[in-house]
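In case you want the letters, here they are:
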Amino acid sequence: CDGDNYLKCPSGICKSYHEPDAGGHIFNAREDVEYELKKPLEVGDVIRAWGVYKDHTTSKFNVNIKGSNSINLLHVDFRPFNDVVVLNNYVWGWQSEVRPTFSKYNFVANKMFEVRIEVHEDGYRIFFNGKELARRFPHRVDLSTANHVILRGGSNGFEWTALKLPNTQLAGPGIPFSTSTGKKNYLDKPLAVGDVITAWGIYATDSSKFNVNLMMDDELYFMVHVDFRPPPNENRVVLNSKKQNGWETELRTALPIFENGKAFKVDIKCLDGEFEIYHNGNVLGSRFPYRNGFALGEVKFVWLLEGSLGMVWTDLALTQSSATEQPTSSSSSEPGVVTKKITFAEETGTPTIVVDPTPTEPEEVTDDPTEEVTDDPTEEITDDPTEEITDDPTEEITDDPTEE
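Residues numbered from 1 in each chain as written. Predicted model: local features only at pLDDT ≥ 70, side-chain atom pairs only at ≥ 80, totals over all residues. Heavy atoms only, no water.

Each helix and strand counted, the chain has 1 helix and 27 strands in total. Per-residue burial over the chain gives 50% buried out of 404 residues. A separation threshold of at least 6 residues defines the contact pool for the chain, and within that pool the share at least 24 residues apart is 69%. Carbon and sulfur atoms form 47% of the exposed surface of the chain, whose accessible area is close to 18800 Å². (Helix = DSSP H or I, 4+ residues; strand = E, 2+ residues; numbered from the N terminus. Buried < 20%, exposed > 50% of the residue type's maximum accessible area, 1.4 Å probe, protein only. Contact = heavy atoms within 4.5 Å. Areas by Shrake-Rupley, 256 points an atom, 1.4 Å probe, with all protein chains shown as cover.)

Given below as structure tokens:
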């Protein structure tokens, strides 16, 4: 099944990849599809969209938060050919624009990018690859009218690839919460047989290796290290454990298929004496035994590490099967019968970038297209709150009144 026919899929597998899961993930996003918000939009919500840019011949493309009767609460329209982003809304016609300048050289041919929309008290804040645009957009339409998100536009090979909507609920059995690469996610309760740890990420072509780790008291003891090593690395998954004295014997299995800009999930199911690991619901070829010196109940935190070129870990969840459910060895079914809530001890505090929403001395700031930027998997990357990107007041760009 593909495209608009996914609802006809007899197995239901395609539907699960086109509609939001419990954590709001859409694994195979497409243009011009109305993705329903499963909860009322409110302050604190975040919408994230990923795409793959082709080249500077790509036409404009946009993310839209919409309501009924063609109402558009927020229209974030990237126009590389004009070095600008147009922010607007639509209620019986397009309203006044907000136009941050935005160099086309922020995009790299055939590379993934991320657009992040945060809902705040005073309006929307929009980020591109983690850097906030210079202008924010005020609330012009009541948030309660929002009911879906649409991705539009693009041409010449451009594609939207993945979307994450606000979670259906703040907490609950197996409900994912947002996390990030390098963050230590501490457990509230000990792991037990039947528990399933699920991690979500977005893949980027040519990323360095990336991994899910169940950790003991400190950073020296890995009970299980699930390390994905895509081309041009080894094209394998490496399973291992580590004590203070070093890594132990590896188990290697075939690497599953990852697609540029697409969401994926990894499940680690705790069985009696071993782990069973899944990628997008399909079991990997090798199980991993509990090694001597490790106990499941002594795992303290989950650590999502590494990746590069835009590959990111996004969410994490822990589910527990009922006490009466026996561990299964079947490789044909996906894990995760959720009957009891287990939570992670979440860390609080998000860095804030202060950007003047009404800059008084505009100047155009563009990127140097000849500069190569590479990821350091051990480095925390933060935005420079002192950097201001402003509009070019001499350029006037208007919306096409015939376009939604």
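Past the structure itself, the notes keep going.
The topology assignment puts Asn110 in the loop between strand 6 (84-90) and strand 7 (112-120). Between the C-alpha atom of Asn110 and that of Asp55, which follows or precedes it by 55 residues, the distance is 7.3 Å. Among all residues touching Asn110, those that are not within four sequence positions of it are Val52, Tyr53, Lys54 and Asn260.

Take the pairing of strand 13 (residues 184-187) next. Sheet faces and side chains relate simply in a regular strand, where the side chains alternate between the two faces. Of the two faces of strand 13, only the one carrying Asn185 and Leu187 is buried; Lys184 and Tyr186 on the other face are not. Of the pairings in the sheet, the one linking strand 13 to strand 24 (residues 301-306) comprises 3 bridges and is antiparallel in character. The residue of strand 24 that forms the bridge with Lys184 is Trp303. (Pairing = 2+ DSSP bridges.)

This part is about the sheet that holds strand 6. The antiparallel open sheet is built from 5 strands, whose spatial order is 2-10-4-5-6. Strand pairing shows two members of the sheet lacking a second neighbour, strand 2 (35-36) and strand 6, which therefore form its edges. One ladder, built from 6 bridges, connects strand 5 (residues 72-79) with strand 6; its direction is antiparallel. Residue pairing in the sheet places Arg79 in a bridge with Val84 of strand 6.

Time to look at the pattern of salt bridges. One pass over the structure, following the stated rule, counts 25 salt bridges. Across the pair Lys209 and Asp227 runs a salt bridge, and its minimum N-O distance is 3.6 Å. In this pair, Lys209 is assigned in the loop between strand 14 (195-202) and strand 15 (210-215) and Asp227 in strand 16 (residues 222-229), connecting sequence segments 18 residues apart. What makes Asp227 buried here is its relative accessible area of 0%. (Salt bridge = Lys/Arg side-chain N within 4 Å of Asp/Glu carboxyl O.)

Burial of nonpolar side chains together is a common tendency in soluble globular proteins. By size, the foremost hydrophobic cluster in this structure holds 41 residues, and its most contacted members are Leu191, Ile197, Leu214, Phe275 and Trp313. Breaking this core down by element, the ones donating at least two residues are strand 14, strand 15, strand 16, strand 17 (236-243), strand 20 (263-270), strand 21 (274-279), strand 24 and strand 25 (312-320). Ranked by the residues each element gives to this core, the list is headed by strand 20, at 5 residues. In this structure, Val98, Leu133, Val141 and Leu163 belong to the second largest nonpolar core, which totals 39 residues. (Core = buried A, V, L, I, M, F, W, Y, C linked by side-chain atoms within 4.5 Å.)

Right, let's talk about the confidence of the model for the chain for a bit. The share of residues in the chain with pLDDT of 70 or more is 71%, and the mean pLDDT across the chain is 77. Ignoring residues within four places in sequence, the model shows residues 1-18, a span with pLDDT below 50, making 24 contacts including any to other chains. Confidence drops under pLDDT 50 across residues 346-402; counting only partners more than four residues distant or on other chains, this segment forms 81 contacts. (pLDDT = per-residue confidence, 0-100.)

All told, the structure shown has 33 aromatic pairs when counted by the stated rule. On the numbers, 6.0 Å between centres and 85° between planes, the contact of Phe78 with Phe107 is edge-to-face. With Phe78 in strand 5 and Phe107 in the loop between strand 6 and strand 7, this pair connects stretches of sequence that are 29 residues apart. Each of the two residues, Phe78 as well as Phe107, counts as buried. Consider the rings of Phe102 and Phe128, whose centres lie 4.9 Å apart with planes at 80°: the pair is edge-to-face. Linking Phe102 in the loop between strand 6 and strand 7 with Phe128 in strand 8 (residues 123-128), this pair joins segments that are 26 residues apart in sequence. Each member of the pair, Phe102 as well as Phe128, carries the same accessibility label: buried. Sitting above the plane of the Tyr105 ring, Lys104 keeps its charged end 5.8 Å from the centroid. Stacked on the ring of Trp303, the Lys or Arg Lys184 has its end atom at 5.4 Å from the ring centre. (Phe/Tyr/Trp six-rings, centres within 6.5 Å; stacked < 30°, edge-to-face > 60°. Lys NZ or Arg CZ within 6 Å of the ring centre and 35° of its normal.)

This part covers unusual backbone geometry. In this model, Pro231 is joined to Pro232 through a cis peptide bond whose omega is 5°. Tracing the sequence through the fold places Pro232 in the loop between strand 16 and strand 17. Of note, Asn235 is a non-glycine position whose phi angle comes to about 60°, a positive value. According to the relative accessible area criterion, Asn235 is partly exposed, its value standing at 40%.

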